[in-house]
Structures are given as C-alpha cells and as structure tokens.
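# Commentary on secondary and tertiary structure
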Amino acid sequence: MLNRASEASNVLKGHIENNNVIRIISHNDADGISAAAVLANALKEEKVQFHTTIVPRLKEDLINQLRHEKHDLVIFSDMGSSFVGELNSFKCDVIIADHHQVSDVEAESNVVHINPHLFDIDGSRDLSGAGSSYLAVRDLDKKHLAYFALIGAFGDMQGQDGFTGVNKLIVDDAKQSGNLEIHDGLKIVSKSSEPLFKSLAYTFSPPLPGITGDLEGSTEFLERMNLSYGIKFSDLGEEEKDILKDELIKINPDIFGDCYTVPKEIPLLRDLEEYSYILDACGKNKKFGLGLSIALGEREKALKTATDLQRKYRDQLVKGLEWIKKEGSVNLSHIQYLYSEDKVLKSVMGTIASIGLSINLLDDSKPVLGLSRLHKDIKVSGRTTRQQVENGVNLGKALQDSSNNFGGQGGGHDIAAGAMIPFDSKDNFLNLVNDMVEYQINND
C-alpha cells in the first residue's frame, strides 16, 4: 500500500513542479474535512494553487462537471472508490484517497487509487480517508501533517480503542515529527470550556450510560459526589479530579486512557479528538469552509463561530437521544430503524443511532438504520456494532445492493454505511435490507 501511496506522491510532485492548479473534492464529515486539510496544507506549503470543494456525497452531475473542467489533476479524498469506472474516463490525472468499500473496477493508468481494502486492510478500523490522503503526500516530506490524519481517524470512530494497522504507522510519524504527544487522562470533552455537567453529558465516546446525552443524569451523578456541577473540569482540585476519575471508571473503564494532543496548538484544539468534534460540528451544520479554514490556521472569530456550532450540535444530539428514549426504534426480524421528518432530528440521525447503540438505548444485537426524509428521497444512515460485523453483517454491502434495487445509491463500511433512496421505496427497501442482513448472518 505504501508503494501505491508513493505513486500518488510522485504524481503530485510532478504537478507541483509544473505549478498546476490542483482540484480537491472531499467529504463533508470530520474525516473528509481532515482529509482535505492534509492535502490543502501540503499544497499551501508547496506554494501551488488549489481549489477545494466539500460535498456530502459524490454524484454523477458533479463527476460530469469535473470531467469538463480544465484541470491537470483532480484528487478525491474520503470518497471516489465506488466511482472508479467513471473517473477512469477523465482526460487528466486522478488520485483517489479513500477508505470506503471498493468496486470491482480496476483503475486505468491515469488514476492512482489508494484504498486499504485493495490491500486487505480494514478501512473501518485501520485507516481513515484522512489517513489515505496523508499517505498520498507523506513522501513529500509532510510527516508533520500526520496528526490531521489522526483527527480524521477520530472523526471516523477509529481511535477510541487505540490505533491499529496503518494508523499506528501514522501515529509514529506524528510522534517523530514532534507534533504529537500521548498521555493518560480522562477522555471527557470540553474540559476548559464547558461546565462539568455538560462536559460529561456531551461525552459520547467512550459512552457513559446514564450520563451521556442526559444533562439531568449528569447533574445528579455529580451531586452524589458533592462536586459542583457548574465548575469546569480544569478548575477542579487534584483530589476532586481523582474522585471523579474513580467514579467514571466504574461506569466505563475506557473513559481513562491515552489522550492524543498537539502541544503547539491552542488549548481548544490541542486534543485531537476534541479537534475532530469541532470539524464534525462544522460539517453537520453545512459550514464546510469554516472547518477547513480552521484546519488551515484560522483562529479567533472562525473558532468562536465553530464552537458555537459545536454547542448547538451537542444540544441537538441530546434532544435526539431524548427522542429515542421516548419513541424507541421500529423492529424487524434482523434490523431496527428510526424515522423522522423533524428538521433537527434529521441532521443528527446517524450520530444518535450510533450513540443509541453504544449506551444501550437501542438493541445492540441488531443494526440500526436512521431514516430522514429529504423531499422525495430518504437519507439512510446505518450503524451496527463490531460484534455484529464479526457475526457476518456488512452494512456497506447491504445498503449498496438494496439501494441499487430502487434506483438509489449507497455504500460505506461494514460497521457504518449510508444510502439515498426514493421515498416511496421506504418499506420495500427496509424489508430488503432486513433480508440481506439475515442472509449475511446465516451465510457467514
């Protein structure tokens, strides 16, 4: 895989030397914005022009538009692997730096395709889209940008149990460059910017059952220990921090462990996982440019706007989890689903589905599909557990094949995937996914 990445670096180097304008297309989540940040920072340092577009999904009309633009190199980051056939027809050089499941189409000579799945590496655990993008620039003496790949990995839920596979190589690069430190600590969010009861309630990973997403539960938990719920974690005394740590470890031992920090960064962005949450909030609120500008060095006003968005997004997640508590999911024999036309819930459906599984609000023995109506279509966000993947479930395959049957499109990872289908296909689609998951489990 590193040889393939070196091919991409060589292609990039040629276009940099020719001073060509380079086009970047990337995904709109934390991993995709981090992927674009790796590439954009690398090109900025090389003093070449680039044009970046962040999109929620790659569609035929965008591909057709790009095909007719006059560019010498187009880079697709955190997307593109399911469109190799279409990208083969480009008259320019193409780099695909992705980690989602791949199609069977071979890349032509003008396309360099970096994807862990091509080398039997798990793209849902061992390498993110930002990681693939980092590998594409690594040979250009860019190891100091490795930490952006780890921000993307955290955004893709890959670092919570420690980094594995190619991600470990990226951790080593980041440490060697001096841009990464690892130390033991509590993995709660916003330690210096939110009151403690919100820091705990907003900690979605690792999950804290009874506290995560529950402001009232968080407050009661702190009151039982005679800790002030309105104080910031950073303002607690050392003895109070130890008491809190011991009680949180009883709820989930994973809450204390390796914390990954960039020592040169400002406090708000020093923790890589916290950095990923800020980029994710920008993406979820469709402020993709804001997230990318922060990753390119903007601070002050941009960061204030982003943290306001993050606070709003976390409140939306809390509302979504309260909705799940009240309504629950609709169960079929092998899957369960959530459906809403509420504007707020639609914007967080995939995330609350994932958190709902992790804190046992939903049945973790079945994959969950979060369905959101968008005019004549339905957006589908699928999530399952690592245990279900080991039992044979592959959501990326199930959603891709099922959506194709109804003129939609879908795909992703075995553990997390998405799709877009016509609204009037909803029930038939759900039944087909249910049948496919049943088949996957019975034929594993």
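Now for a look at the structure at hand. (Residues numbered from 1 in each chain as written. Predicted model: local features only at pLDDT ≥ 70, side-chain atom pairs only at ≥ 80, totals over all residues. Heavy atoms only, no water.)

Before going further, it helps to examine the layout of surface pockets. For the second largest pocket, the calculated volume is near 470 Å³. Taken together, 24 residues make up the lining of the second largest pocket; nearest its centre are Ile188, Lys191, Thr261, Pro267 and Asp271. Those elements that provide at least two residues to the lining of the second largest pocket are β6 (181-186), β7 (256-261), α11 (267-270) and α12 (272-284). Among the residues making up the lining of the second largest pocket, the classes are represented as 9 nonpolar, 7 polar and 8 charged. (1 Å grid on protein atoms, 1.4 Å probe; cavity = no way out; pocket = protein on both sides within 12 Å on 5 of 7 lines; lining within 4 Å. Points joined across faces, edges and corners; volume = space filled by probe spheres on them. Helix = DSSP H or I, 4+ residues; strand = E, 2+ residues; numbered from the N terminus. Nonpolar A, V, L, I, M, F, W, Y, C, P; charged D, E, K, R; others polar.)

Direction vectors running N to C along helix α14 (residues 300-327) and helix α15 (residues 343-358) enclose 70 degrees, while the axes themselves pass 8 Å from each other. Compared by their axis directions, α14 and α15 come out roughly perpendicular. Note on packing geometry: the crossing formed by α14 with α15 is right-handed. Contacts from Tyr313, Gln316, Leu317, Lys319, Gly320, Leu321, Trp323 and Ile324 in α14 reach Val344, Leu345, Ser347, Val348, Met349, Thr351, Ile352, Ile355 and Gly356 in α15. (Axes fitted to C-alpha atoms, helices over the stretch in contact; angles between N-to-C directions. Parallel < 35°, antiparallel > 145°, perpendicular 65-115°, else oblique. Left-handed = near helix turned anticlockwise from the far one by under 90°. Contact = heavy atoms within 4.5 Å.)

With that settled, the discussion passes to the nonpolar core. With 60 residues, the main nonpolar core has Leu12, Phe148 and Leu272 as its most contacted residues. For Leu272, the contacting residues outside a window of four places in its chain are Tyr147, Leu150, Ile151, Phe154, Leu180, Tyr260 and Val262. Grouped together as the second largest cluster of nonpolar side chains are 18 residues, Leu317, Leu345, Ala353 and Ile359 included. (Core = buried A, V, L, I, M, F, W, Y, C linked by side-chain atoms within 4.5 Å. Buried < 20%, exposed > 50% of the residue type's maximum accessible area, 1.4 Å probe, protein only.)

The strand order β2-β1-β3-β4-β5 describes an open sheet built from 5 strands, whose pairing is parallel. On the outer flanks of this sheet lie β2 (50-55) and β5 (111-114), each paired with one strand and no other. On average, each strand axis in the sheet is inclined to that of its neighbour by 15 degrees, with strand direction left out of account. As judged from the 5 bridges shared by strand β3 (residues 73-77) and strand β4 (residues 93-97), these two strands associate in the parallel manner. By the bridge assignment, Ser77 is partnered in β4 with Ala97. (Pairing = 2+ DSSP bridges.)

There is a patch of like negative charges on the surface, built from Glu239, Glu240, Asp242 and Asp246. Residue placement: Glu239 occurs in helix α10 (residues 238-251). For Glu239, a relative accessible area of 64% puts it in the exposed group. (Patch = residues over 30% accessible without salt bridge, like charges linked within 9 Å, V, L, I, M, F, W, Y side chains within 5 Å. Areas by Shrake-Rupley, 256 points an atom, 1.4 Å probe, with all protein chains shown as cover. Salt bridge = Lys/Arg side-chain N within 4 Å of Asp/Glu carboxyl O. Lys, Arg positive; Asp, Glu negative; His and termini not counted. Charge placed at Lys NZ, Arg CZ, Asp CG, Glu CD.)

Let us now look at the pairing of strand β12 (residues 409-412). Sheet analysis places β12 next to strand β13 (residues 416-422), joined by 4 bridges and oriented antiparallel. Looking across to β13, one finds that Gly411 is bridged to Gly418.

The next subject is the packing of aromatic side chains. Tallying each qualifying case throughout the model produces 8 aromatic pairs. Look at Phe148 and Tyr275: their rings are 6.2 Å apart centre to centre, the planes differ by 75 degrees, and that puts the pair in the edge-to-face class. Of this pair, Phe148 sits in helix α6 (residues 146-155) while Tyr275 sits in helix α12, placing them 127 residues apart in sequence. Classification of Tyr275 by relative accessible area gives buried; the value is 0%. Ring centres 5.1 Å apart and planes at 80 degrees place the aromatic pair Phe163 and Tyr260 in the edge-to-face group. Note that Phe163 is positioned in the loop between α6 and α7 (166-177) and Tyr260 in strand β7, a separation of 97 residues in sequence. For Tyr260, a relative accessible area of 8% gives the class buried. Linked through ring pairs, Tyr147, Phe148 and Tyr275 together constitute an aromatic cluster. Over the face of the ring belonging to Phe423 we find Arg373, whose NZ or CZ atom lies 3.6 Å from the ring centre. Its end group placed over the ring of Tyr339, Lys426 keeps NZ or CZ at 5.1 Å from the ring centre. (Phe/Tyr/Trp six-rings, centres within 6.5 Å; stacked < 30°, edge-to-face > 60°. Lys NZ or Arg CZ within 6 Å of the ring centre and 35° of its normal.)

What follows concerns the pattern of salt bridges. The tally for this structure, following the rule as stated, stands at 20 salt bridges. Put simply, Asp214 and Lys325 hold a salt bridge, and the shortest N to O gap is 3.2 Å. With Asp214 in the loop between α8 (196-201) and α9 (215-224) and Lys325 in helix α14, the pair connects residues that are 111 residues apart, well separated along the chain. Take Lys325: its relative accessible area is 45%, and that puts it in the partly exposed class.

Let us now look at the side chain of Asp31. Topologically, Asp31 is positioned in helix α2 (residues 30-45). It is Lys284 that comes nearest to the buried, bridge-free Asp31 among opposite-charge side chains, at 11 Å. A polar contact of 3.1 Å, which involves the side chain of Asp31, links it to the side chain of His99. Once residues lying within four places of it in the same chain are set aside, the contact partners of Asp31 are Asp78, His99, Ser128, Gly129, Ala130, Gly152, Ala153 and Asp156. (Polar contact = N/O pair within 3.5 Å; in protein donor to acceptor, adjacent residues only side chain to side chain.)

Here we come to a positive patch on the surface. A contiguous patch of positive charge, built from Lys286, Lys287, Lys312, Lys343 and Lys379, is present on the exposed surface. Here Lys286 lies in the loop between α12 and α13 (288-295). What makes Lys286 exposed here is its relative accessible area of 67%.

Let us look at the sheet that holds strand β9 (residues 336-340). Taking strand neighbours across the sheet as the criterion, the 6 strands line up as β8-β9-β10-β11-β13-β12 in an open arrangement whose pairing is mixed. Since the sheet does not close on itself, it has two edges, and those belong to β8 (330-331) and β12, each with one partner. Sheet analysis places β9 next to strand β10 (residues 368-374), joined by 5 bridges and oriented parallel. Its bridge partner lying in β10, Gln336 is registered against Val368. Each of β9, β10 and β11 (377-383) is contacted by α15, which is oriented at about 175 degrees to β10, the strand it contacts most.

Everything listed here is a matter of coordinates, which is why it stays silent on function.
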